[in-house]
Structure formats: C-alpha cells, structure tokens
Amino acid sequence: MSNLFVKLAFRNLIRNKAFSLINILGLAIGIATSMLIFQYVQNEVSYDRFHENADQIYRVRLDRYSQGELAEQMATAPCALGSAIEEFFPEVEEMVILSNYQLEGILRYEDNNFRLEKTYFCSDRFFNIFSYPLLKGNPETALSEPFSIVLSEALSGKLFGDADPVGEVLKLNNRVSLNVTGVFEDTPDNTHLRFQALISMETMFRLYGENFRTTWWADVMLTYVKLVDGTDATGFEKKLNEYVQTRFAKELKEKNMGMVFHLQPLKSIHLFSNYPQETEVNGNGKSVYFLLIISILILIIAWVNYINLSTARSMERARDVGLRKVSGATRLQLIRQFLIESLIINLISVLVALVIVEISHPFFSQLTGLNVTLDLWHKPIFWVLFAVVIVAGSLLSGLYPAFVLSSFKPITVLKSKTIKSSGGMILRKGLILFQFAISLSLIAGTITIKRQIDYMQGRNLGVDIKQTLIVKAPVSIDSTWVVRQKTFKADMLNNPSISKICASYFVPGDVVWFTNAYIRKSNNDGNDSRTLSVIHVDHDFIDFYNLELLSGRNFIEGNQNDFLCHIINRKAMELLGFESPEDALGQELETPNWNMTKKIVGVIENFHQQSLRENYAPTIYTYLSNPRWSKQYSVKIHSENYKETIANIEKKFMESFPGNTFEYFFLDSHFDKQYSADREFGKTFGIFAFVAIVISIMGLFALAMYFTIQRNREIAIRKVLGARVSGLFLLLSQEYFKLLGLSIIVALPMAYIIMNNWLDGFAYRIIIGWWFFVIPILLMSFVVFASVIYQIIKTARLNPVDSLKYE
C-alpha cells in the first residue's frame, strides 16, 4: 500500500509540474536559508562551552559610580579583588586573574622575533579552571614562578621550529629574560579568551611593583572564579558586594564613589558582554537570536506557500478524492496519501536545500561577513535537526491539506464542478496576510538599518582622519628614546609626501579604556569626583587632527610645566560643572588615586572618538611625559604613491628604532571597522528580506495563476460582454490589495516600534520618517500588481471561444 501511495504522489507531482516546482523551490530556499543561519547561530552560542566546568565558571566585572550615577562599566576588576576572594569566600573553588597591563614588546629567541599580541600576565591556577590542554610542561607549576612563560603550539613553532622549547630562555624587549615552562594547544576560535602566550602574574608584580597586588583603585585585572558546585551565583554576587561596601565604606564615602561587582557566566560573555577592556570584539546576542527568528519565519513562509497551494488546488483534486472514496478508500488512507505526498515534497526540498547550502555558503559568508562553515554537518545534532525539519515540515504543511481534501463527501464532489470551502478560504487569506506582514516588516527594517548605517558613516566626526597612516610606536626602548623620536619625527617632516606627524596613546577609533577620577579643586564639595577618559598626546595632536580649540592654548613643545597641565573636551567641562570654556581655564583638577594636581590650560570641542553608537565621552588630554605612553604615531600623507611613501617611512623607522618591528594601518579603515558588525547585520537582514519576498512572490504568483485558471470561463464571458483588461485586473486583484491593506495596518506599526527600539541603541540616530511606510507599501503593491497582471494579460489574450467551447 505504501508503494502505491508513493507512486501516486510522484504521479501527482509530475502532473502539476509548475506547482510542484514552486513548492519545492520555495521550501528549498527557505530551508537552505535557515540551515545557513542555524550554522552561524550554533557557532556563536558554542563559545566557551568546551570547558569542562563551564557552568561553574564566572567572570567578575566592575561598575564604578560617581555622585550616585554610573560613571563607567568595564570587563575588568581591581587588582586586589582576586586575593580577597581567595581569602574570604569559601564559595570559590578556584580563582585566576589575567592582565595585559603594559604587556607589549618584542619576544626574541636567537634570530627569531615576535611582536607580542594576545598575551597576558596570568596567575598559576589558570589550567585548573580552563580546559586549554597543556601539551608540554606541568599545569600545576608552569605559571607559579616569576619570569615564566608558556607558549601556544603555533608560537612555539615560529620561534623554535620542531625543537622542544621547555627550559629555553626568551628575551622580552632585550631586557627581561623569560623561562619557557610549557606549550599549550592553540586556542580554538569559539572562545572569548584567545592568547598566544601566558606570562606568570608574579612577573608583572616584579616589573611594575607590588602595589598592583594590593590596590583596589587600578582596574586592570580580568578575574575569573570557579564556584563550588551547587553555589548560588546570585547569592555569591550579593555577598561580594556587601563585603566591598563594608570594607571600603569610609573611602567610598570620602570620594563620593561606588563600586558594584557583577558575575558573568562564562558561556554568556561572547554574546552578551561588550564593555571596555574586553579580550575580544564580542558578538551581539540580540542580533544572533533575531536572525534566528527571521530564518524561522522565512521557513514558515515557505510552508505557508505549500499549504496555500495545496488547499487552493482542493477544488481540482476533489473529484479524484470522490472517486477514490466511492472505490472504497477510507479517510485514513487518503490522509496517509496526502501526508506521504507532503513528506516527499519536503524531502526533495531538503535535498535541494543541501545542494544550495553547499554551493552558496562561501558566497554567503563573504557577502554578509558572517562566519558560516559547514562543521555542523559532521555533528549528530545536525542530522537530528535534519530529520526534525523533514518530519515537522511534512506535518505542519501537510496535515491541514490532508484533512481538508480527505473530508470531501463523494456525492457532493461528483455532482458539482467546484467545491467551495469558507474555512479554506479564510485560512488562505490569513496565510497570505501573514506573508505580506512579514515581507513589509523586513523591507521596512532593511531600509531603516541601511539609512542608520549611512547616517553614521556620513556624519561629520569633528576630527580629520583622512589620509592618515598610523604607525605603531617602538616597544623596545631605552634611555635614548626621546632623542630617537625627535629624529624620526624630523625625518618624517623632511619627506615632501608627509605634512604632519604626532604621537599619542590612543587614536580616533580606539576604545579608550584608561580612565581616572578627578576632583575640581575650586568646588566647595571637595569630594565631588568625576570619572574621565584619559588620552596621552603630544603637542602636535590637536593641530594634526584639526580639533577646534574653544579656549586656552595647546601644549607647547619643550615646556616642562605642561607635564602638570590638562586639556579637556566640552563634555568633560560640562561634567565638571564649568559654565563656559573660559571659566575652566586655570582651574585645578586633583587625582585622588595618584595624589596629583594639574591645571586646565585648554578646552577643545567634542569629537567622535568612537562610532556614533557611543555618546561623546568626557575626556581629559594629558601631555606625554613617558615613552611608554606613546603607543602610536599618526602620519598625514599627501601623495598618490602610498607604497613608496610607506616604504620610506619604514626605512626611517628602522633606522631610528632598530630591533623593533614596523607595523601600520590606515586610520579611516580602522575607524570604519567599528561599523562592520552593523554592516554585516544590515546585509544579512537585507538578504533575508529579499529571500522572504522572493518566496512570497512565488506563492502569490502560483495562487494568482491557479485562481485565474479557475476563472477562465468567467473571464471569457466577461470579455465577450466587453470587459477590459483594467476591469479584469480590478476584479481579480481586489482581494489581494484588501489583504495587503490589512497587513499594512497590522505590520508597519509593530515594525515601527521594533525598529525604534533598535535605533535607541545608538547615541546618534536617524528619525523614522515617511519613507518607513511609503517605500514598503509601494514595493509590496508592485509585487501584487506584477503577480496578478501577468496572469490576467496572459488569460486575456486567449480566444474566448477556446474557454467556452465545452460549455
């Protein structure tokens, strides 16, 4: 019996090629899109789940408050937090701290050099908490001694080749000797904590002072805890904050500051943590799950097409059902036949979808910027999902048509030429309404995202970043650094292709992670502290970036007094309570954390240090007084021959700073990277909108074709009576336009609310205008018009005699 049902199903598919093709292609495109996005989503949610005790591991991060208001949020915590946790909290089974504070330089072994990247100082319990396999060395002792280092397998290969590096000595910046105590397996891609080397935390304390072990006012430590199994994380977080408030009640009250610690589950960091001093640029959990929901909606739209076409064709198949019932077929047998037909269509669609995914995934990844691989195909969960999609799709799209078709009474269908089902018509209208609503929402969302991205990229930043090359400053320095820097800058200015050069710690587009608390000395309330971002610059920085000086003066080269001076931006001026730029001049700011007082000598206009997602940050600029604060050189190039100019810069750099590596990037590209995630989201959203519309058009076109065929005789009679094409169009399209109008009323206000909430995530955003409503309405109206008019014109060209000769 089953073989007979399969034969009948294939016979029916072949008999109705156009409808079968539309069903299969629509389902295949929907399933392929969902597969691509599910692979991406699966990769995003897999971050850090490979750790054996991932459910027990948390990162402790800090919020600082000033005057009762949130001043800054960060992924790090105070240096002394780790030791306090170990001493006073039995709920913690293991604790580890990491920091990359001032950890830059050249790692050298014989003639092999490597510029440190993704390297951390790390406490000795690291390998007890995290499941990063140590291939060589003892995980218990590898990071216990000062000046110890463990290397990744890849870095070990670069420095030592195939030789065993354990016991060898590396030189850091030609000054610090590091003993290699282990080699670990390269960190996987799906972790928020990637690194190429780990240096013992005791090394940091030896290099930068024991005060880093005990201070609560330097937030430079990534702090992870492994809680005792069964510990309530919320209760531990509350207990930790109570301890801090009790221990530092006096200091916090004097400084009018506050500290609040938060526990972040390890598995949630990648998708739901984006704070200053993150170890990586993390993902966006909302966007990931939003894409997943949209992909599911697209799959539903494809199934909706199948249901619509199947129930629409019920009139045509009614006689077949009636004859089979007269011949003795039971309703259960008919339901089985239609479900098998649905199963075959879904199975073929899934197979076609696999081919589409295999062919398209490299192009999809390149176009959207999403990390889409086919690794999931090698996991059992994929094949379970594969089977679920086929079965669920068959049931969801096949059950209703099966019950509708099998319910027809033989006498009714054999006596009548048509079967009218008010329930079926209501369902079809409801499903078409659903398709229209989703398509309208996706179109409106795509336009909004594109306009917001264009707005951010086109807005005046208040800073000149054009034709700017950023050269990373030397990390291997000595007592002659100041003279060497002057020589290098002079050589640059002697090059006719270079007009300006300056030095700074941060450049526009960088996340300014360095902050400090400042107290206005002239304020009556001596404890009124404010947290400001800090950027170290030289005397050429303001002129180089064409920043507007509102009052006062710039730093002066060679003026030793300027080391005790500040320049602030307008936002900092307002936060500190000054009424005007002139009012701020000459005022003194005290730094309680470092017991220093400096005078304000200038106020500059705000500019966008970061993307327009962020508001202007209150920022203080301090004069470069130490070589280590000069991390980057900004070079203004006026030449079409960039390669020759860069080659000349490299030559002079290596002459001035031998033993260092030359690294550079263009500032406009660096700044533009901040929008890459938004662009990727916009492209992906746009692709989804296009796919949804294409599937909807396919279904709408097929329905219009079918109903036009059903009304061939009516159209022929109307033509004989003198009806025009325009009249026929109004007759046949009015139901679709009514449904479109209803979907506009339902979908666009909801889409307006959703997109407004999305835009609220930007400090500088567009205002949704008429285009949000008009463009989607015009596009969908054109889709309906094109789908219906083609069928009407095609039918109108037929000779009425051919349609009526059998009547």
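Residue positions are given per chain, counted from 1 along the sequence in the order it is written. Side-chain atom pairs in this predicted model are given and counted only at pLDDT of 80 or more, local residue features only at pLDDT of at least 70, and totals for whole chains, interfaces and linings cover all residues. Only hydrogens and water are set aside when side-chain values are computed; all heavy atoms of the structure are taken into account.

### Here's the deal with the environment of Ser669
Item 1. Assignment of secondary structure puts Ser669 in helix 22 (residues 667-672).
Item 2. Since its relative accessible area comes to 43%, Ser669 is described here as partly exposed.
Item 3. Taking C-alpha positions, Ser669 is 9.5 Å from Gly509, a pair spaced 160 residues apart along the chain. Here a helix means four or more residues in a row that DSSP labels H or I, a strand means two or more in a row labelled E, and each is numbered from the N terminus. The buried label applies to any residue whose accessible area, calculated with a 1.4 Å probe on protein chains only, is under 20% of its type's maximum; exposed applies above 50%, and partly exposed to all values in between.

### Considering the packing of helix 3 (residues 81-88) against helix 8 (residues 233-247)
Item 1. Orientation is described by axes fitted as lines to C-alpha atoms, over the contacting stretch for helices, and by angles from 0 to 180 degrees between their N-to-C directions. Closest axis-to-axis distance for the helix 3/helix 8 pair is 12 Å, and the angle between their directions is 110°. The orientation of helix 3 relative to helix 8 falls into the category roughly perpendicular. The residues of helix 8 that touch helix 3, namely those facing Leu81, Ala84, Ile85 and Phe88, are Leu240, Tyr243 and Arg247.
Item 2. Of the residues that constitute the contact of helix 3 with helix 8, the class distribution is six nonpolar, no polar and one charged. Angles below 35 degrees are treated as roughly parallel, those above 145 as roughly antiparallel, those between 65 and 115 as roughly perpendicular, and all remaining angles as oblique. Contacts were defined at the residue level, with two residues in contact if any of their heavy atoms lie within 4.5 Å. Note on residue categories: nonpolar means Ala, Val, Leu, Ile, Met, Phe, Trp, Tyr, Cys or Pro, charged means Asp, Glu, Lys or Arg, and polar means any other residue, Gly included.

### Quick notes on helix 8
Item 1. Expected span of a helix, by definition, is 1.5 Å for each gap between consecutive residues, and there is one gap fewer than residues. The end-to-end C-alpha separation of helix 8 is 21 Å, in line with the 21 Å expected for 15 residues at 1.5 Å each.
Item 2. Burial in helix 8 covers these residues: Ala233, Phe236, Leu240, Asn241, Tyr243 and Val244. Axial view of helix 8: buried residues confined to an arc of 155°, hence all on one face. Exposed residues on helix 8 whose side chains face more than 90 degrees from its buried face are Thr234, Lys238 and Thr246. In this description, one arc is meant: the one made by directions from the helix axis to the C-beta atoms.

### Observations regarding the nonpolar core
Item 1. Take the buried Ala, Val, Leu, Ile, Met, Phe, Trp, Tyr and Cys residues and link them wherever side-chain atoms come within 4.5 Å; each set so joined is a nonpolar core. Core analysis: the biggest nonpolar cluster contains 149 residues, and Tyr545, Ile568, Tyr633 and Ile649 have the highest contact counts within it.
Item 2. Element by element, the count of residues in this core is highest for helix 23 (residues 676-710), at 14 residues.
Item 3. Leaving out residues up to four positions away in the same chain, Tyr633 has contacts with Leu469, Ile470, Val471, Ala473, Pro474, Trp481, Gln485, Phe488, Cys502, Ala503, Phe653 and Phe657.
Item 4. In this structure, Ile85, Ile97, Leu151 and Val176 belong to the second largest nonpolar core, which totals 55 residues.

### Quick look at helix 24 (residues 712-720)
Item 1. Within helix 24 the residues assigned to the buried category are Asn712, Ile715 and Ala716. Mapping the buried residues of helix 24 onto a view down its axis gives an arc of 100°, with all of them on the same face.

### Looking at the packing of aromatic side chains
Item 1. Aromatic contacts are taken between Phe, Tyr and Trp rings whose centres are within 6.5 Å, Trp giving its six-membered ring; a plane angle under 30 degrees counts as stacked, one over 60 as edge-to-face, and the others as tilted. With the rule as written, the count across this model stands at 43 aromatic pairs.
Item 2. Consider the rings of Phe488 and Phe653, whose centres lie 5.8 Å apart with planes at 85°: the pair is edge-to-face. In this pair, Phe488 is assigned in helix 17 (residues 481-493) and Phe653 in helix 21 (residues 642-656), connecting sequence segments 165 residues apart.
Item 3. Phe488 sits in the buried class, given a relative accessible area of 0%.
Item 4. Looking at Phe653, the relative accessible area reads 0%, which means it is buried.
Item 5. Put simply, a charge is over a ring when the Lys NZ or the Arg CZ is close to the ring centre, within 6 Å, and near the line of the ring normal, within 35 degrees. The aromatic ring of Tyr275 is capped on one face by Arg61, whose charged end is 3.9 Å from the ring centroid.

### Concerning the packing of helix 17 against helix 21
Item 1. The contact between helix 17 and helix 21 brings their axes to 9 Å, and the two run at 160°. Judged by the angle between their axes, helix 17 and helix 21 are roughly antiparallel. For the element pair helix 17 and helix 21, the recorded crossing hand is right-handed. Residues Arg484, Thr487, Phe488, Asp491 and Met492 of helix 17 form the contact with helix 21, whose participating residues are Ile649, Lys652, Phe653, Glu655 and Ser656.
Item 2. Residue composition of the contact of helix 17 with helix 21, grouped by class: four nonpolar, two polar and four charged. A crossing counts as left-handed when the near helix is turned anticlockwise from the far one by less than a right angle, and as right-handed when that turn is clockwise.

Take it as geometry only, folks, not as evidence of what the structure does.
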